[in-house]
Amino acid sequence: MGNWQPGGTRQGECIGISWTGSLAGCAHPFWLPTCAKDFSLTNEKDAHSSDSDENSERGNWSNKGDYLLSMVGYAVGLGNVWRFPYLTYQNGGGAFLIPYTLMLALAGLPLFFMECSLGQFASQGPVSIWRILPLFQGVGITMVIISTFVTIYYNVIIAYALYYLFASFQQVLPWSDCFSWADESCSKTRIVSDCNTTLHGQIIHANYSFVTGNNLTCINGTISYKPVQFPSEQYWNKVTLQRSSGLDETGRIVWYLALCLLLSWIIIAAALFKGIKSSGKVVYFTALFPYFILFILLVRGATLEGALDGIEYYIGRQSNITKLMEAEVWKDAATQIFYSLSVAWGGLVALSSYNKFHNNCYSDAILVCVTNCATSVFAGFAIFSILGHMAFLSERPVSEVVDSGFELAFVAYPEALSKLPVSPLWSFLFFFMLLLLGLDSQFATIETLTTTIQDIYPTVMKKLRMPITLGLCIVFFFLGLICVTQAGIYWVNLIDHFCAGWGILIAAVLEIVGIVYIYGGNRFIEDIEMMIGKKSRLFWLWWRICWFFITPVLLMAILVWSLITFENPTYGSVLYPTWGTAVGWCMIIFCVIWIPIVAIVKIVKAEGNIVQRIVSCCRPAANWGPYLESHRGERYSHIVDPQKKKEHEIPTVSAIIYKQH
């Protein structure tokens, strides 16, 4: 057998287990040799964790880069490209960066840092994290449900990008001209309807055919144009969407959009089949490559005629500092920061929960927030340089070709790209960028849902992570089919209007009020210091000012403003039927109703009179604190893990490891 001595094991080497208890009436010690590769207290191997993880039960990010790029990918999304540049142009150009930066410092960053710290400290997802304040656990449920609604329609937008990506593989872009699908109102240029002209010494008003027929000329400033639609607009409505007249007319499923939706869910399922271990590697491409494409688009755009005009409208000489006197500008800056950073959706807590306990979440939060905002500003240059060129070619002011949202991504920008040499290449790059921006945001949202399930049913997720992730993707695909019917765009707009609006604001206000004023802001700071080390009072001064006063007040102001200015949804000029608006209200009520329901259930289950019950529900649960015992220190030494089971059937087992030579 050779010599045996204590040592480590490698694959194929053996261990001996010394049994000093009794088994079947035998009181003598004996050896149970077995191979190291087979020695395991459980046969289950969770793809979410590896041997090098600090937290072997939940798993950790493989390295810091995986986490940071996942956070950047989650925060940087479609809104950075299709909403921020338009808001900047609309709200005073470069002057808009002043309220935008202030809102980042006062509202965005404090909430972002709070959520990252919260998830990392307890290593729990957005629902289980509310062990910190059981009365508010419904806030976590609201975050998860809203994220579920959003992930359904967000993937439909990714499907649109996929469709345009495939449509770009043609020598002539299908939206570059008025082809067979177009109607008489389609035109690449503006068509003059009528104008004032001089005839026999008198000024008359005549239609344009009369003016040209008599070799007359229009007087400057009197020309009116026929309402026409660019080819890209008609292609979007008639071909891509096959758009019906309204929500009442559902129509059929647009089969090619359904296939694109299926493909997008397949990509997401493939990226997440091992949870953060696989998605953490995919984001090295999906989070970084969009910057490369943006840079290419910017360089190409900057070389075009009219690009300078576009950039001046965006952030140059057209800047209007007096716009800062308008409350609407500050509201737009605050809401853009809030939604752009993806706070209060649950994703930041979920992604941060896989960090190692002593990770510097403070520097991470600042880095991700600054990167996100810099990306928005950078994207604006790439967008407006090419829109400026489009305005130059069509002899229109930049203000007439600028738009936001779907109209920018699928109408205005594709129209501009179609006018460039080698237009299929630029179109492919742009829609590939939109695809990547959407995908890494979806990765994080689905990971939020699987993290929630893992925290509630850890044993099930350990055995069935891949089937559960695949099952979620299949269910969401079928739920999303309503959004790829001929009325699909109306459903996408409806869900976005209600669910992605003030429901998240309610969750954010309750989150910061609950943690700062009920759990205790100073107590929370002590928790953070357990992770990142002791800091001076001066260091925490800014965060205390924001958390205790400025951020809650700002969030409340945005919430109240949103409720006061709330309008029934419309898509362009199409009004929604009453039942459609009612469905929207039902969706948002379903999202937020869990906040009072869970609070009432917690109070009912508590003991004592009503005041004692409420007080007990406002105290952290017995199992609140760092996940691993080694990180709890004296402050959390009282925690007893309910998951730990005592192995009564084995009195004493001592394992001694041997190496065979």
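The shown structure was predicted, so the numbers you read here are calculated from the model rather than taken from an experiment.

Asks: Before we move on, can you summarise the state of the cysteines with the specific residues and values?
Replies: Tallied over the full model, the rule gives two disulfides. Disulfide partner of Cys178: Cys186, at an S-S distance of 2.0 Å. Across the S-S bond of Cys178 and Cys186 the torsion is about -85°, and the bridge reads as left-handed. The partly exposed category is assigned to Cys178, whose relative accessible area is 27%. Counting its disulfide-bonded cysteines in sequence order, the protein shows a connectivity of 1-2, 3-4.

Asks: Describe the side chain of Ser232, with residues and values.
Replies: Checked against the element boundaries, Ser232 lands in helix 7 (residues 231–240). Exposure remark for Ser232: the relative accessible area of 1% places this residue in the buried category. Within the structure, Ser232 has its side chain in polar contact with the backbone oxygen of Val411 (distance 3.0 Å). Residues contacting Ser232, with those up to four places away along its chain left out, are Trp175, Phe410, Val411 and Glu415.

Asks: Break down a nonpolar patch on the surface for me, citing the residues and quoting the values.
Replies: Taken together, the side chains of Phe166, Phe169, Trp255, Leu259, Leu262, Leu263 and Ile266 make up a nonpolar region of the molecular surface, amounting to roughly 730 Å² of accessible area. Looking at the nonpolar patch element by element, the count peaks at five residues for helix 8 (residues 255–271). On the secondary structure map, Leu263 appears in helix 8. Residue Leu263 is classed as partly exposed on the basis of its relative accessible area of 30%.

Asks: Could you give me a rundown of helix 7, with the residues and numbers involved?
Replies: The buried fraction of helix 7 is high, at eight of ten residues. All of the buried residues along helix 7 are Pro231, Ser232, Gln234, Tyr235, Trp236, Asn237, Val239 and Thr240. Buried residues belonging to helix 7 abut helix 5 (137–167), helix 8, helix 16 (406–418), helix 19 (488–499) and strand 7 (570–571). Of the residues trailing helix 7, Gln242 is marked for its positive phi of about 50°.

Asks: How would you explain unusual backbone geometry if you had to name every residue and give the values?
Replies: Note on backbone geometry: most residues besides glycine have negative phi, and most peptide bonds are trans. The phi dihedral of Ser342 is positive, around 60°, even though this residue is not glycine. With respect to the helices and strands, Ser342 occurs in the loop between helix 12 (327–340) and helix 13 (347–352). The class for Ser342 is buried, based on a relative accessible area of 8%. Even without being a glycine, Val422 presents a positive backbone phi close to 55°. Note on placement: Val422 falls in the loop between helix 16 and helix 17 (423–456). For Val422, a relative accessible area of 58% puts it in the exposed group.

Asks: Explain the UniProt feature "binding site: Na(+)" (unreviewed entry) in the protein to me, and be specific about the residues and the numbers.
Replies: UniProt's feature table lists "binding site: Na(+)" (unreviewed entry) at Gly73, Ala75, Val76, Asn80, Ser340, Asn372, Leu437, Asp440 and Ser441, given in the numbering used throughout. The largest pairwise C-alpha distance within this set of annotated residues, which runs over 369 residues, is 14.0 Å, so the set is compact in three dimensions. With a relative accessible area of 5%, Leu437 lands in the buried category. Looking at where Asp440 falls in the secondary structure, it is placed in helix 17. Taking the relative accessible area as the measure of exposure, Asp440 reaches 2% and is therefore buried.

Asks: With reference to specific residues and values, describe the pattern of salt bridges.
Replies: Under the defined criterion, the tally for this structure stands at 13 salt bridges. As a salt-bridge pair, Asp455 and Arg58 come within 3.2 Å of each other at their nearest N and O atoms. A residue pair is termed long-range when its members are at least 10 positions apart, and Asp455 in helix 17 and Arg58 in the loop between strand 3 (30–35) and helix 1 (64–75) qualify at 397 residues. Residue Asp455 shares its accessibility class with Arg58, and that shared class is buried. A salt bridge links Arg635 to Asp527; the nearest nitrogen and oxygen atoms lie 2.7 Å apart. Placement of Arg635 in the loop between helix 24 (610–617) and strand 9 (653–660) and of Asp527 in helix 20 (residues 502–532) is noted, with a sequence separation of 108 residues between them. For Asp527, a relative accessible area of 0% translates into the label buried. Linked by salt bridges that have partners in common, Glu328, Lys331 and Asp332 make up one network.

Asks: Residues and numbers for the side chain of Gln242, please.
Replies: Within the secondary structure, Gln242 sits in the loop between helix 7 and helix 8. With a relative accessible area of 18%, Gln242 lands in the buried category. The residues contacting Gln242, other than those within four sequence positions of it, are Asn237, Arg252, Val254, Tyr256 and Gln486.

Asks: Tell me about the packing of helix 1 against helix 14 (residues 361–393), and please be specific about residues and values.
Replies: Between helix 1 and helix 14, the least distance of the axes is 9 Å, while the angle of their chain directions is 40°. Classified by the angle their axes make, helix 1 and helix 14 are oblique. Here helix 1 and helix 14 pass one another in a crossing that is right-handed. The segment helix 1 lies against helix 14, with Lys64, Tyr67, Leu68, Met71, Val72 and Ala75 engaging Asp364, Leu367, Val368, Thr371 and Asn372. Of the residues assigned to the contact of helix 1 with helix 14, the class counts are seven nonpolar, two polar and two charged.

Asks: Give me the lowdown on the environment of Ile293, citing residues and values where you can.
Replies: Of note, Ile293 is situated in helix 10 (residues 289–302). For the pair Ile293 and Phe431, spaced 138 residues apart in sequence, the C-alpha to C-alpha distance is 10.0 Å. Once residues within four sequence positions are removed from consideration, Ile293 is found in contact with Leu429, Phe430, Phe432 and Met433.

Asks: Tell me about the pairing of strand 5 (residues 202–207), residues and numbers included.
Replies: Relative to strand 5, strand 4 (residues 192–199) runs antiparallel, the two sharing six bridges. Paired with Thr198 across the strands is Ile203, a residue of strand 5. Once strand 4 ends, the chain turns through two residues before running back antiparallel as strand 5, passing His200 with a positive phi of about 55°.

Asks: Give me the packing of helix 20 against helix 22 (residues 578–592): which residues, what numbers.
Replies: Running from amino to carboxyl end, helix 20 crosses helix 22 at an angle of 15°, the nearest separation of the two axes being 10 Å. One way to sum up the angle between helix 20 and helix 22 is to call them roughly parallel. Note that helix 20 runs across helix 22; the crossing there is right-handed. Contact with helix 20, carried on its side by Trp502, Gly503 and Ile506, involves Trp585, Ile588 and Val592 of helix 22 and no other residues of that element. Counted by class, the contact of helix 20 with helix 22 contains five nonpolar, one polar and no charged residues.

Asks: Account for the sheet that holds strand 5, with residues named and values stated.
Replies: Strand order in the open sheet formed by three strands is 5-4-6, and the pairing between neighbours is antiparallel. The sheet terminates laterally at strand 5 and strand 6 (224–225), the two strands that pair on one side only. By the bridge criterion, two bridges tie strand 4 to strand 6 in an arrangement that is antiparallel. Paired with Val192 across the bridge in strand 6 is Tyr225.

Asks: I'd like a description of helix 21 (residues 537–564), backed by residues and values.
Replies: Here helix 21 is 28 residues long and its end C-alpha atoms lie 39 Å apart, about the 40 Å a rise of 1.5 Å per residue gives. At Cys546, helix 21 shows its maximal bend, which comes to roughly 50°. Every buried residue belonging to helix 21 is among Trp540, Trp543, Cys546, Trp547, Ile550, Thr551, Pro552, Leu554, Leu555, Ile558, Leu559 and Ser562, and all of these are buried. Tucked into the core, helix 21 has its buried residues touching helix 4 (97–122), helix 12, helix 14 and helix 20.

Rules used throughout
Residues numbered from 1 in each chain as written. Predicted model: local features only at pLDDT ≥ 70, side-chain atom pairs only at ≥ 80, totals over all residues. Heavy atoms only, no water. Disulfide = S-S within 2.5 Å. Buried < 20%, exposed > 50% of the residue type's maximum accessible area, 1.4 Å probe, protein only. Helix = DSSP H or I, 4+ residues; strand = E, 2+ residues; numbered from the N terminus. Polar contact = N/O pair within 3.5 Å; in protein donor to acceptor, adjacent residues only side chain to side chain. Contact = heavy atoms within 4.5 Å. Patch = residues over 30% accessible without salt bridge, like charges linked within 9 Å, V, L, I, M, F, W, Y side chains within 5 Å. Areas by Shrake-Rupley, 256 points an atom, 1.4 Å probe, with all protein chains shown as cover. Salt bridge = Lys/Arg side-chain N within 4 Å of Asp/Glu carboxyl O. UniProt positions renumbered as here; feature names shortened; annotations may be inferred. Axes fitted to C-alpha atoms, helices over the stretch in contact; angles between N-to-C directions. Parallel < 35°, antiparallel > 145°, perpendicular 65-115°, else oblique. Left-handed = near helix turned anticlockwise from the far one by under 90°. Nonpolar A, V, L, I, M, F, W, Y, C, P; charged D, E, K, R; others polar. Pairing = 2+ DSSP bridges. Expected span 1.5 Å × (residues − 1). Bend = angle between axes of the 7 residues up to and from the residue.

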